[in-house]
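# Coordinate inspection notes
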Amino acid sequence: MKKKVLSVLVIVSLLSFFIQEDYSFAKETEQMELDSQKAEDIAERFMTESNVGLEDGLEKAVMPMYDEEDDVSAYMITFEKKNMQQGYAVIDAKESSGAVIEYCYGENNFVEEATNEICDSYKEKKNAKVYYLGGLTYVLRTKHPKKGTKYTDISTGDAQTSVENDIAEKDKILGSGKDSEGKVISRPKDYVSGKILSSQVYDVPGSTKISSQGTKTYRQYFEMNEFSSGTVCTPVAITNLFYHWSRYDPSHFSALKKDSWKNTYAKMAALCNTNTSGGTNLGYVDSAIEWYCTSRNIKSKSRTYSGTNGGAKIVAELKKRRPCILHVYKHKKYEDHSMLALGYEIYRYKSGNSEKTDTYIRVADGWTKGSNRYVWGGCYGSWDYTSVAFSTK
């Protein structure tokens, strides 16, 4: 039983499937998440409008999937005709834009196949529960009257890595170790739970220094409390972005500093309509950045996007040799917070009988001056990001 996937981590923006929502807030505001009906609508449009699409009017079954906090993290929508499965799509419930995590045509869905293989009775199948933990990681929980509770990794479509009646092992298989409350990640490699097959490490130019002996040090950025108290993370992250470019290429970007960096921060906080107790409405961010840059005779283009595809969009942005602003929501360490993204580490590794990939984004979080903390792309919660491109012509 091998899961056949035509394409994975396909973002619905590929077909311009965007769900309109109210502005997101960088603090003290819940981000809209998909309900089952919206997920079903996205899946149906995606599966019927692509090149090898399904016919309209098929019967649909919707199955919720959960994260380690037992909140809905994804929906699997299965399409059927006369009780014969025609395909399925898995939709990310944590991204308001509606990301298609993976899809397949003409095959029974792998969750049903794994459930049939593992469960001994109809009742056991009915009470089974599926976790989607990000990064194409799926875990099936089953309860047997005699054998007890079992957690099985079904990420490859093959039932494997079963763990029975052991809460510590349950936490391990659900991947909570690298996404725990109060935990700061400074060495992503330490959190790779398997044999590393390959790795990528990248730092945006100007965010590190290399000594003559080849030692790398991370450049420092501003802390929030250097400018103000309260929920001011977004204007601080923008100020750190300007500070980065001013330091890296002063001939073109020194004008980003408005007499002092504290004045720069104050202007950005005003333009973003930041409230020290309520945070920043991200709807103001793009126009605030562009207006400020224009006032400093610097050309810029700023756009804020919903969802990062588990960090993949941040990686693509950083590969353009420019930092971006990362907005996280419901993060176990940062809660709702904005930071400057400066690099990434990606690890492909062997876990059981399958291969997995973890993405970590390096950030200047504004809580310290350092810039060698990381957030994991598969973490609890969701991400948005602001891309800022400058022109020197």
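Treat the numbers as computed from the prediction; the structure is a model and nothing was measured.

## Details of the overall build of the protein chain
If you tally the helices and strands in the protein chain, you get nine helices and 18 strands. In the protein chain, buried positions account for 52% of the 393 residues. Partitioning the intrachain contacts of the protein chain with sequence separation of at least 6 by distance along the chain shows that 59% fall at a separation of at least 24. Accessible area of the protein chain: about 18100 Å², with a carbon and sulfur share of 45%.

## Brief notes about the packing of helix H5 (residues 233-248) against helix H8 (residues 285-295)
Remark: H5 packs on H8, axes separated minimally by 12 Å, with the N-to-C direction vectors making an angle of 40°. The pairing of H5 with H8 is recorded here as oblique in orientation. Both H5 and H8 take part in a crossing whose hand is right-handed. Between H5, through Thr234, Ile238 and Phe242, and H8, the contact on the second element is made entirely by Val285, Ile289, Tyr292 and Cys293. Looking at the contact of H5 with H8, its residues break down into six nonpolar, one polar and no charged.

## What to know about unusual backbone geometry
Even without glycine at this site, Asn273 takes up a positive phi of about 55°. Of the residues examined, Asn273 reaches a relative accessible area of 48% and is grouped as partly exposed. Positive phi, normally seen in glycine, also occurs at Arg321, with a value near 70°. For Arg321, the location among the structural elements is in the loop between helix H9 (312-318) and strand S14 (324-331).

## Some remarks on empty space enclosed by the protein
For the structure shown, the criterion picks out two cavities of 30 Å³ or more. If you add up the space inside the largest cavity, you get close to 80 Å³. Forming the boundary of the largest cavity are 13 residues, of which Lys178, Lys183, Ile185, His331 and Lys333 lie nearest the centre. Ranked by the residues each element gives to the lining of the largest cavity, the list is headed by strand S17 (residues 373-376), at three residues. The class makeup of the residues in the lining of the largest cavity is seven nonpolar, two polar and four charged. Every residue along the wall of the second largest cavity is listed here: Met224, Cys233, Val236, Ala237, Asn240, Ser338, Met339, Leu340, Ala364, Asp365 and Gly366. Contributing elements (two or more residues each) for the lining of the second largest cavity: H5 and strand S15 (335-351).

## Here we look at the packing of H5 against helix H7 (residues 261-271)
Between H5 and H7, whose axes approach to 9 Å, the crossing angle comes to 135°. Viewed along their axes, H5 and H7 adopt a mutual orientation that is oblique. You can see that H5 and H7 cross each other, and the crossing is right-handed. Contact residues: Pro235, Val236, Ile238, Thr239, Phe242, Tyr243 and Ser246 in H5; Trp261, Thr264, Tyr265, Met268 and Ala269 in H7. Within the contact of H5 with H7, the residues separate by chemical class into nine nonpolar, three polar and no charged.

## Points about the environment of Gly283
Here Gly283 lies in the loop between H7 and H8. Look at Gly283 and you get partly exposed, because its relative accessible area is 28%. For the pair Gly283 and Cys272, spaced 11 residues apart in sequence, the C-alpha separation works out to 8.4 Å.

## Quick word on the environment of Thr217
Summarising the element assignment, Thr217 is placed in strand S12 (residues 216-218). On the basis of relative accessible area, Thr217 is assigned to the partly exposed category, the value being 41%. For Thr217 and Asn372, which are 155 residues apart along the polypeptide, the C-alpha to C-alpha distance reads 9.1 Å. Setting aside its immediate chain neighbours within four residues, Thr217 contacts Thr208 and Lys209.

## A closer look at the nonpolar core
In this structure, Ile238, Phe242, Leu256, Met268, Ile289 and Phe390 are the most contacted members of the largest nonpolar core, which totals 33 residues. Listed by contribution, the elements that provide at least two residues to this core are H5, H7, H8, S14, S15 and strand S18 (382-391). It is H5 that contributes the most residues to this core, seven residues altogether. Residues in contact with Met268, not counting those within four places in the same chain, are Pro235, Ile238, Phe242, Ala288, Ile289 and Tyr292. Within the second largest apolar cluster, 26 residues are counted, among which are Tyr334, Ala341, Val375 and Tyr385.

## Digging into the side chain of Ser246
Along the chain, Ser246 turns up in helix H5. The class of Ser246 is buried, set by a relative accessible area of 11%. With residues up to four places along the chain from it excluded, the contact list for Ser246 reads Phe253, Ser254 and Trp261.

## Observations regarding H8
By the burial criterion, the buried members of H8 are Val285, Asp286, Ala288, Ile289, Tyr292 and Cys293. Seen along its axis, H8 keeps its buried residues to an arc of 165°; they face one direction. Of the surrounding elements, those touching the buried residues of H8 are H5, H7, strand S13 (299-306), S14 and S18. Immediately downstream of H8, the backbone of Asn297 shows phi near 60°, a positive value.

Cut-off values and rules
- Residues numbered from 1 in each chain as written.
- Predicted model: local features only at pLDDT ≥ 70, side-chain atom pairs only at ≥ 80, totals over all residues.
- Heavy atoms only, no water.
- Helix = DSSP H or I, 4+ residues; strand = E, 2+ residues; numbered from the N terminus.
- Buried < 20%, exposed > 50% of the residue type's maximum accessible area, 1.4 Å probe, protein only.
- Contact = heavy atoms within 4.5 Å.
- Areas by Shrake-Rupley, 256 points an atom, 1.4 Å probe, with all protein chains shown as cover.
- Axes fitted to C-alpha atoms, helices over the stretch in contact; angles between N-to-C directions.
- Parallel < 35°, antiparallel > 145°, perpendicular 65-115°, else oblique.
- Left-handed = near helix turned anticlockwise from the far one by under 90°.
- Nonpolar A, V, L, I, M, F, W, Y, C, P; charged D, E, K, R; others polar.
- 1 Å grid on protein atoms, 1.4 Å probe; cavity = no way out; pocket = protein on both sides within 12 Å on 5 of 7 lines; lining within 4 Å.
- Points joined across faces, edges and corners; volume = space filled by probe spheres on them.
- Core = buried A, V, L, I, M, F, W, Y, C linked by side-chain atoms within 4.5 Å.
- Arc of directions from axis to C-beta.

That is the geometry; function is a separate question.
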